Amino acid sequence: MKKLILAAALLCPVVLTAQKKAKEKPYTIQGTIAKQDAPAKITLRYRKDGKTVTDTAMTVDGKFVFKGTVPEPMQVQLVADVPKSETNMYGKAEVAAVFLAPGTTTITVDELGEKGKATGTAAQEDYNQLNALLDPLYKQSNDLNKEYRKLREAKDEAGMKKLESRFEELEASRKAVLNKYLEDHSKSALGVYVLSQVAGYDLDPEKIDPLFKKLSKDVRKTPSGQQFEERLEIAKKVRVGNPAIEFSQNDPAGKSVSLASFRGKYVLVDFWASWCGPCRAENPNVVKAFNTYKDKGFTVLGVSFDDNKEKWVDAISKDELEWTQVSDLKGWANEVGKMYGIRAIPQNLLLDPEGKIVAKNLRGEALESKLAELFK
């Protein structure tokens, strides 16, 4: 199911390019937890200059403070350490939904473990407004996911199939809310963040470029705006109908393999990694397609986002991936991944014998159907 495949792929998201340098401005987060039994550790985490920034603070009489600088408003994670339980096996709880911006953000929480409210900056108020619109949809989605998990545990394939349309309706409603928000808030600091939610991990430049251009010039010129523009330019180069970007990387034996060497065959360029659960779950479908069509002019070229050669090679063997595999063992910094703008895995591109992209992100039945059409 498309919706569930998307959810699986997004388990492995990443921002691959560093933000443009911008003047840093100071921020302060002031928090108060009204009820707690003992001092608690609060962790602040966000991405800056392509790296994860983490800061911690202990509550004193229920209060905590964070100070620092940021180049622009950005979504951050703010979590508290709480006792582990059957419903919270990790011992972490979101303190509040925060969109960190220069200035002072004030957070009030009734009780440790409960979600509080953040106020203070214009960006935070915009974020609160957006979440108020989306929260009912997220609640419906969570309830639907619980229902789906029960059906999956019961191996009720028919019941799971019936939920597809409801997932698709919820996703359509979410996109409608986000698009309306963009239309009404072209100058908001949340502009690029919201547009990224609309675009998803597989950005369609024909749909997204016009939306990006509707954002105010100031928003487009922020570090995240410039980064998003780079994503757009890459997406334009690798859209269906264009020739694939040429590359070479080494196989496990250290031999350089070029994409050009696959001319004359349909080739599925498959981005994956040994550590990516959704990738490993999809591998049997790719194996089936490979075995069915390998003698008819089809093959696969795996591009791994591994950084450990032993684990990479072990996964190739265990999953019986008999096609060519390459990697530079740089993990998410894989150079081919950057070249193709890959921000989540599994992903793939199907190339024709001339090296032109004819389809993208074919999974399960979709891959089988497309190959059956090509080799009928």
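Relevant structure appears above.
Residues numbered from 1 in each chain as written. Predicted model: local features only at pLDDT ≥ 70, side-chain atom pairs only at ≥ 80, totals over all residues. Heavy atoms only, no water.

A. Up close: the side chain of Q347. Among the secondary structure elements, Q347 is positioned in strand β15 (residues 347–351). Among the residues examined, Q347 registers a relative accessible area of 5% and is labelled buried. Within the local environment of Q347, its side chain forms a polar contact with the side chain of N361, the two groups lying 3.4 Å apart. Setting aside anything within four residues of it in sequence, one finds Q347 in contact with Y201, D202, V269, D270, F271, I342, N361 and R363. (Helix = DSSP H or I, 4+ residues; strand = E, 2+ residues; numbered from the N terminus. Buried < 20%, exposed > 50% of the residue type's maximum accessible area, 1.4 Å probe, protein only. Polar contact = N/O pair within 3.5 Å; in protein donor to acceptor, adjacent residues only side chain to side chain. Contact = heavy atoms within 4.5 Å.)

B. Layout of the packing of aromatic side chains. Per the counting criterion, the structure on display carries 14 aromatic pairs. Judged by centre distance (5.4 Å) and plane angle (70 degrees), the ring pair of F99 and Y193 falls under edge-to-face. Of the two residues, F99 sits in strand β7 (residues 98–100) while Y193 sits in helix α5 (residues 191–199), which places them 94 residues apart along the sequence. For the residue pair F99 and Y193, the accessibility class agrees, reading buried in each case. Taken together, the ring pairs connect F247, F271, W275, F305, W332 and Y340 into an aromatic cluster. (Phe/Tyr/Trp six-rings, centres within 6.5 Å; stacked < 30°, edge-to-face > 60°.)

C. Here's a closer look at the sheet that holds strand β16 (residues 357–360). Ordered in space as β14-β13-β12-β15-β16, the five strands form an open sheet in which the pairing is mixed. Looking along the sheet, the strands with just one partner apiece sit at the ends: β14 (324–326) and β16. Adjacent strand axes in the sheet meet at a mean angle of 20 degrees when their direction is disregarded. Bridge analysis of β15 against β16 gives three bridges, and the strand direction is antiparallel. Within β16, the position partnered with L349 by the bridge is K360. Sheet strands touched by helix α12 (residues 365–374): β12 (266–272), β13 (298–304), β15 and β16. Its angle to β15, the strand with the most contacts, is close to 5 degrees. (Pairing = 2+ DSSP bridges. Axes fitted to C-alpha atoms, helices over the stretch in contact; angles between N-to-C directions.)

D. How the structure looks around unusual backbone geometry. Omega for the peptide link from I345 to P346 comes to 5 degrees, which places this bond in the cis form. Secondary-structure assignment places P346 in the loop between α11 (335–340) and β15. One non-glycine residue, K155, adopts positive backbone phi at about 55 degrees. With respect to the secondary-structure elements, K155 resides in the loop between α2 (122–153) and α3 (157–162).

E. Seen up close, the pattern of salt bridges. Scanning the entire structure with this criterion turns up 22 salt bridges. Ionic pairing is found between E147 and R166, a salt bridge with its closest N-O pair at 3.5 Å. Placement of E147 in helix α2 and of R166 in helix α4 (residues 164–184) is noted, with a sequence separation of 19 residues between them. Here E147 falls in the partly exposed class, since its relative accessible area comes to 32%. Among the ionic pairs, D202 bridges to K360, the shortest N-O distance being 3.5 Å. (Salt bridge = Lys/Arg side-chain N within 4 Å of Asp/Glu carboxyl O.)

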